[in-house]
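So you can see what is in the structure, the chains are spelled out below.
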Amino acid sequence: MTDQEKNSVTPAAENTRQSEKAQKIQKINGVRGMNDLLPADAAAWAHLEHVLRDLTRAYGYEFLRTPIVEATAVFQRGIGEVTDIVEKEMYSFEDRLNGEQLTLRPEGTAAVVRSVVENNLLYEGPKRLWYTGPMFRHERPQRGRYRQFHQFGIEALGFAGPDIDAEIILMGQRLWDELGLIGVRLEINSLGQANERAEHRTALLSYFEKNHTQLDEDSQRRLLSNPLRILDSKNPVMQELIEGAPKLLDFLGAESLQHFEAVQALLKANNIPCKINPRLVRGLDYYNLTVFEWITEELGAQGTIAGGGRYDPLIERMGGKAAPACGWAMGMERVLELMKVSGSLPEPLAQCDAFVLHQGGETLTAALIVAERLRSAGIDVILFCPPDGQIASFKSQMKKADMSGATYAIIIGPDELAANEVQIKNLRTSGEQRTVSLDSVVDAIIDAIVGA
Ligand code: ATP
Ligand code: MG
């Protein structure tokens, strides 16, 4: 076939070719466990983000954004080798172009500490920081558990006292109140210091070794690597064994106990109820002293909406000058889900304040100018644009105007234009309609909005 022949295919033949092509082309889906944020949910996310911004300002926390990709060593060293995340959940890969070992961040704290150390942010003293963004973990996707999910987190670095532990917990409580969440409870524990955990570990090892046959496969593996994590097991057949295990709290020295009691006293003084859960150990390696989680029964198995604690050894472990720190992180999807259950999701926002209707030609030109003038005055406007390029009847345009959630329809037809006028219809009342001059439409809309 010559080029000329190729270009001279009949419309019918072209149609057949297109539909064959359409059959062959398979659609490409998103990655399992990684979700789109669809427009229908955008208002809820924007509301949550807004509340988070206000919350962090109210407590003097500054925003820090780290990259989504870090050197794998950041998480191996920061989170610890013997943790669920590092053992089996990380998206790690080699950069083919330069051989670097990289990882999509599975959590925020290790990366924040990497940045704080690298940028010497504690040089002038302690810092209160917050972050938000996507995290990646290769887990089995299910309700409340995704492979890409979003966290909001705060980190208070360079503070040693129980006052800051209490402050970050109060922030959490204020947030749940602000978001209207129901059924959230706080559980708290102390992991003491490394030497206290070492003594407890010895007692724990001998207890579990004595009862070796009752350990499930996961726990037998953890017995050698991280026996504390056995306490975390959700396996029902292990519960009785775990109940009888030596409690870390009984191994805490005076200083650790004092810190723990001081945190509890500060919470009590602020009317924050909490339950001591001696089995709460958290999945990450870097914690000491206070650890806590906020849990709900409203979300099924994925009931932990946020968790955190003190991680005094981490900054030094990441190569910085030793400094204490604590923080927490929350799963935004789970919190939004709980808002839904609590009935506290905001109403979806209207797409615009005003919707401009026209009949093409000169009325379109006038409509475009009116729309721009309204936008310059701070009014959100959608201009009707026919999907097929054909002018639609006012009736069908009015349906679109209604669906947009706009309060006002601004109608510019040939008759209106000839008289240098527009019609303004209130779509949210009984449909009251009035005529104003083309020049005064912006003022009329502003007056109407202010007066409403
Ligand atoms: P879980 O016990 O549910 O696996 P975790 O201890 O691994 O949680 P953290 O590392 O403490 O979770 O992360 C803080 C919060 O982030 C969790 O409380 C949860 O709300 C959220 N989160 C963690 N993993 C996921 C995930 N895969 N999908 C959605 N949210 C998650
Ligand atoms: Mg997990």
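Here the structure is a predicted model, which means the values were calculated and not measured.

### Considering the packing of aromatic side chains
Tallied over the full model, the rule gives 10 aromatic pairs. Look at phenylalanine 152 and tryptophan 328: their rings are 5.7 Å apart centre to centre, the planes differ by 65°, and that puts the pair in the edge-to-face class. Of this pair, phenylalanine 152 sits in strand β6 (residues 148–157) while tryptophan 328 sits in strand β11 (residues 325–331), and the two are 176 residues apart along the sequence. Following the ring pairs from residue to residue traces out a cluster consisting of Phe63, Trp130, Phe152, Trp176, Phe292, Trp294 and Trp328.

### So, the packing of helix α7 (residues 162–179) against helix α11 (residues 254–269)
As a packed pair, α7 and α11 sit with axes 9 Å apart at the nearest point and diverge in direction by 45°. With respect to α11, the axis of α7 lies oblique. Between α7 and α11 the crossing geometry is right-handed. Along its contact with α7, which presents Pro162, Asp163, Asp165, Ala166 and Ile169, the element α11 presents His259, Ala262, Val263, Leu266 and Leu267. Of the residues in the contact of α7 with α11, the class split is seven nonpolar, one polar and two charged.

### Remarks on helix α3 (residues 39–58)
Taking 1.5 Å per residue, 20 residues should reach 28 Å; α3 reaches 29 Å between its end C-alpha atoms and fits that length. In this structure, the buried residues of α3 make contact with β5 (127–136), β6, α7, β11 and α13 (332–342). Immediately beyond the C-terminal end of α3, within one or two residues, lies glycine 60, with a positive phi of roughly 75°.

### So, the nonpolar core
The biggest cluster of nonpolar side chains holds 46 residues, and the ones touching the most others in it are Ile79, Leu157, Phe208, Leu231 and Tyr311. Top element by residues in this core is helix α6 (residues 109–118). It accounts for five residues. Within the second largest apolar cluster, 41 residues are counted, among which are Ala156, Val263, Leu267 and Ile272.

### Regarding the pattern of salt bridges
One side chain can pair with another of opposite charge once the charged atoms of both are near each other. Tallied over the entire structure, the rule returns 23 salt bridges. Across the salt bridge formed by aspartate 84 and arginine 229, the nearest N and O atoms sit 3.6 Å from each other. Of this pair, aspartate 84 sits in helix α5 (residues 84–89) while arginine 229 is found in the loop between α9 (217–225) and α10 (239–243), placing the two residues 145 residues apart along the sequence. For the residue pair aspartate 84 and arginine 229, the accessibility class agrees, reading buried in each case.

### Some points on helix α4 (residues 72–79)
When α4 is considered as a whole, its buried residues turn out to be Thr72, Val74, Phe75, Gly78 and Ile79. Buried residues of α4 fall within an arc of 160° about the axis and therefore sit on the same side. Close packing links the buried residues of α4 with β2 (69–71), α5, β3 (91–94), β4 (101–104), α6 and α12 (314–317).

### Quick word on the domain arrangement of the protein
Here the protein is partitioned into domain 1 (39–192 + 252–342) and domain 2 (354–451). Distance between the C-alpha centres of domain 1 and domain 2: 48 Å.

### Quick word on the layout of surface pockets
Here the second largest pocket defines a volume of roughly 680 Å³. Lining the second largest pocket are 32 residues, and of these Leu37, Asp41, Trp45, Glu333 and Leu336 sit closest to its centre. Put simply, the parts of the chain that give the lining of the second largest pocket at least two residues each are α3, β5, β6 and α13. A per-element tally of the lining of the second largest pocket places α3 first, with seven residues. Partitioning the lining of the second largest pocket into residue classes produces 14 nonpolar, seven polar and 11 charged.

### Some points on the UniProt feature "binding site: L-histidine" (unreviewed entry) in the protein
As annotated by UniProt and renumbered to match this structure, "binding site: L-histidine" (unreviewed entry) occupies Glu107, Gly108, Thr109, Arg137, Gln151, Glu155, Arg282, Tyr286 and Tyr287. Inspection of the secondary structure puts glutamate 107 in the loop between β4 and α6. In this view, glutamate 107 contacts Phe75, Ile79, Met135, Arg137, Gln151, Leu284 and Tyr286; residues no more than four positions away in its chain are not counted. A distance of 3.4 Å separates the side chain of glutamate 107 from the backbone nitrogen of threonine 109, its partner in a polar contact. As for its position among the elements, glycine 108 is in the loop between β4 and α6.

### Things to note about the UniProt feature "domain: Aminoacyl-transfer RNA synthetases class-II family profile" (unreviewed entry) in the protein
The positions that UniProt labels "domain: Aminoacyl-transfer RNA synthetases class-II family profile" (unreviewed entry) are, in the present scheme, residues 32–348. Helix and strand shares over residues 32–348 are 39% and 21% respectively, and the end C-alpha atoms of the span are 27 Å apart.

### Topic: the pairing of strand β7 (residues 184–190)
Of all seven residues making up β7, five are buried, and the element is well covered by its neighbours. Relative to strand β9 (residues 288–296), β7 runs antiparallel, the two being bridged by seven bridges. When the sheet's bridge partners are listed, serine 190 is paired in β9 with threonine 290.

### Some words on the site of ligand 1
The immediate surroundings of ligand 1 are formed by 14 residues, with Arg137, Glu139, Arg145, Tyr146 and Arg282 found nearest. Between tyrosine 146 and ligand 1, the recorded distance is 2.9 Å, taken from a backbone N or O atom to a nitrogen atom. Relative to its free-state accessible area of 580 Å², ligand 1 is covered by the protein chains to the extent of 88%. Of all the secondary structure elements, the ones that give two or more residues to the shell around ligand 1 are β6, β10 (304–310) and β11. Broken down by element, the residue count for the shell around ligand 1 peaks at three residues, all from β10.

Definitions and limits used
Within each chain, residue numbers correspond to sequence positions counted from 1 in written order. Following the order in which they are written, the chains are lettered starting with A and the ligands numbered starting with 1. Reporting of local features is limited, given that this is a predicted model, to residues whose pLDDT is at least 70; pairs of side-chain atoms are given and counted only at 80 or more, and all residues count toward the totals for whole chains, interfaces and linings. To obtain the side-chain values, all non-hydrogen atoms of the structure were included, while hydrogens and water were left out. By convention, a stacked pair of Phe, Tyr or Trp rings (six-membered ring in the case of Trp) has centres within 6.5 Å and planes under 30 degrees apart, an edge-to-face pair has planes over 60 apart, and any other such pair is tilted. Going along the chain from the N terminus, every DSSP run of H or I of four or more residues is numbered as a helix, and every run of E of two or more is numbered as a strand. Throughout, an axis means a line fitted to C-alpha atoms (over the contacting stretch in the case of helices), and angles, computed between N-to-C directions, take values from 0 to 180 degrees. Convention used here: angles under 35 degrees read as roughly parallel, angles over 145 as roughly antiparallel, angles from 65 to 115 as roughly perpendicular, and any remaining angle as oblique. Should the near helix be turned anticlockwise from the far one by less than a right angle, the crossing is left-handed, and should it be turned clockwise, the crossing is right-handed. The contact rule is simple, with two residues in contact once any of their heavy atoms fall within 4.5 Å. Each residue receives one of three labels: charged for Asp, Glu, Lys and Arg, nonpolar for Ala, Val, Leu, Ile, Met, Phe, Trp, Tyr, Cys and Pro, and polar for the others, Gly being one of them. One fewer than the residue count of a helix, multiplied by 1.5 Å, yields its expected span. Here, nonpolar core means buried Ala, Val, Leu, Ile, Met, Phe, Trp, Tyr and Cys residues that are tied together by side-chain atoms lying within 4.5 Å of each other. With a 1.4 Å probe rolled over the protein chains alone, any residue whose accessible area is under 20% of its type maximum counts as buried; one over 50% counts as exposed, and the rest are partly exposed. Counted as salt bridges are all cases of a side-chain nitrogen of Lys or Arg within 4 Å of a carboxyl oxygen of Asp or Glu. The directions considered for the arc run from the helix axis to the C-beta atoms. Bear in mind that the domain bounds are from an automatic or database domain assignment. Cavities and pockets are found on a 1 Å grid laid over the protein atoms alone: a cavity is a set of points where a 1.4 Å probe fits but cannot escape, a pocket is an open set with protein on both sides within 12 Å along at least five of seven lines, and a lining residue has an atom within 4 Å of such a point. Grid points are joined across faces, edges and corners, and a volume is the space filled by probe spheres set on the points. UniProt positions are given in the numbering used here, feature names are shortened, and annotations may be inferred rather than shown by experiment. Polar contact is defined as a pair of N or O atoms within 3.5 Å, subject to the rule that within protein one atom must be able to donate a hydrogen and the other to accept it, and that residues adjacent in sequence are counted only when both atoms are side-chain atoms. DSSP calls a pair of strands paired once it identifies at least 2 bridges connecting them. It suffices for a single heavy atom of a residue to lie within 4 Å of a molecule or strand for the residue to be listed as near it. The protein chains shown are the only cover counted for residues, whose accessible areas, like all others here, come from Shrake-Rupley with a 1.4 Å probe.

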